Amino acid sequence: WATAHLPGAGLLRDGQKWIAWYALLAAPCCALAVESLTRRLADAGVRATVLVGFVLLPLALLPDLAWGGLGRLAPVRYPAEWSVVRDQLARDPHPGDVLVLPFTAFRRYAWNADRTVLDPAPRYLPRTVIVDDTLLVGPVQVKGEDPRATQARAALDAGQPLAPLGIGWVLVEHGTPGSLPERLLPTLITVHTGPWLTLYRVPGTIATARPATAPRAPVLAGDAAALALLLGAFLLRPRLLVGRLMSQTRKDGGDGADDPGFGRFGCGGRGPGADRGAGAGVHERAGREGGTGT
């Protein structure tokens with residue numbers, strides 16, 4: 001409900017991306033915890049065992065991520081047609097953005113073993129690519145956030161021309177699930193056709209599309225909030241968990257000035273040995289000056 005009715009709530013719909021913020025905090029905290037723990041272990045063998053255990057801990061918790069998902073992750077070569085279409089769009093002076101069909105966000109290609117992947121066209125092609133950003137969660141459809149995708153879908157459903165929307169090209173990806181608009185394709189000019197891709201040029205005068213931009217006030221408010229958060233974290237770092245851990249680490253590795261026996265190692269301080277040595281020197285000097293020994 002929130003992603004469909006609250007502005008900006010769509011940022012929360014893919015929760016896995018927020019783990020990156022947790023990783024930024026977890027990485028230094030784990031390192032500081034291991035360092036603090038090993039400082040308290042007197043036996044070198046035990047310290048080495050603890051360090052090796054923490055190094056192997058990620059593999060023990062997530063064994064399927066080792067070696068590329070136990071060999072299940074492997075690079076896949078794109079068909080040569082993708083490079084041909086990319087070069088055509090790069091050198092052709094015909095204006096306009098690219099609409100990709102079937103109008104869905106995910107693909108299943110035979111050359112990729114029919115694995116479901118996000119449409120690579122927006123990242124592969126040199127022009128702005130319009131794809132459907134509707135999120136499907138089971139039978140529920142969460143409306144996308146790109147207004148141009150909404151306009152393109154309405155034009156496809158109504159059989160309206162694409163040139164007024166700033167769309168100058170249509171790319172059809174073959175061998176992947178989804179339907180094609182039967183009334184649209186016969187009105188387009190074929191530029192490239194192949195077993196995997198067909199590129200069409202939209203005839204007519206292509207309108208200049210205005211990129212959708214966020215309102216200025218919320219963006220500035222968000223930047224100010226982020227700056228205030230960073231400034232507050234800097235000023236309050238002694239009270240935060242990381243600040244306390246760093247303080248404890250410095251205390252554990254201090255110069256030993258508070259150690260009563262630190263002077264025995266010739267590094268400064270006034271331990272009992274230093275006091276005895278100073279007292280003996282005073283008595284010996286007094287004995288020499290007074291002509292009597294002690």
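The present account deals with the structure reproduced in this document.

What counts and what doesn't
- Counting from 1, residues in each chain are numbered in the order their sequence is written.
- With pLDDT at 70 or above as the cut-off, local features in this predicted model cover only qualifying residues; side-chain atom pairs require 80 or more to be listed or tallied, and sums for whole chains, interfaces and linings still use all residues.
- In computing side-chain values, all of the structure's heavy atoms are included and hydrogens and water are not.
- When accessible area is computed with a 1.4 Å probe and restricted to protein chains, residues below 20% of their type maximum are described as buried, those above 50% as exposed, and intermediate ones as partly exposed.
- The way it works is that DSSP assigns letters per residue, a run of H or I at least four long becomes a helix, a run of E at least two long becomes a strand, and they are numbered from the N terminus.
- Pairs of strands are assigned from DSSP output, requiring at least two bridges between the strands.
- Any Phe, Tyr or Trp ring, taking Trp's six-membered ring, that has another such ring centre within 6.5 Å forms a pair; planes under 30 degrees apart are called stacked, those over 60 apart edge-to-face, and the others tilted.
- Defined by distance alone, a disulfide is two cysteine sulfur atoms within 2.5 Å.

### A look at the pairing of strand 1 (residues 97-101)
If a strand is regular, its side chains alternate between the two faces of the sheet.
Consideration 1: Where burial is concerned, most of strand 1 is hidden: five out of the five residues are buried.
Consideration 2: Where burial is concerned, the two faces of strand 1 agree: the one with Asp 97, Leu 99 and Leu 101 and the one with Val 98 and Val 100 are both buried.
Consideration 3: Sheet analysis places strand 1 next to strand 7 (residues 167-173), joined by five bridges and oriented parallel. Paired with Asp 97 across the strands is Ile 167, a residue of strand 7.
Consideration 4: Pairing analysis gives two bridges linking strand 1 to strand 4 (residues 129-130), with the strands arranged parallel. Pairing of Val 98 across the sheet is with Val 129, part of strand 4.

### A closer look at the packing of aromatic side chains
The geometry of an aromatic ring pair is captured by the separation of the ring centres together with the interplanar angle, meaning the angle of the planes.
Consideration 1: All chains considered together, the criterion is met by six aromatic pairs.
Consideration 2: Ring centres of Trp 82 and Tyr 109 lie 6.4 Å apart, and the angle between their planes is 85 degrees; this geometry places the pair in the edge-to-face category. Residue Trp 82 is located in helix 5 (residues 80-91), and its partner Tyr 109 is located in the loop between strand 2 (106-108) and strand 3 (116-118); the two are separated by 27 residues in the primary sequence. The exposure classification of Trp 82 matches that of Tyr 109, with both residues buried.
Consideration 3: Residues Trp 82 and Tyr 124 carry aromatic rings whose centres are separated by 5.5 Å and whose planes lie at 70 degrees to one another, so their mutual orientation is edge-to-face. Here the residue Trp 82 occupies a position in helix 5, and Tyr 124 occupies one in helix 6 (residues 121-124), the gap between them amounting to 42 residues.

### Some remarks on the state of the cysteines
Consideration 1: Counting across every chain of the model gives zero disulfides.
Consideration 2: With no disulfide of its own, Cys 29 lies 7.1 Å from the sulfur of Cys 30, the closest cysteine sulfur.
Consideration 3: Looking at Cys 29, the relative accessible area reads 15%, which means it is buried.
Consideration 4: Residue Cys 30 is classed as partly exposed on the basis of its relative accessible area, which comes to 48%.

Honestly, it's all geometry; don't read function into it.
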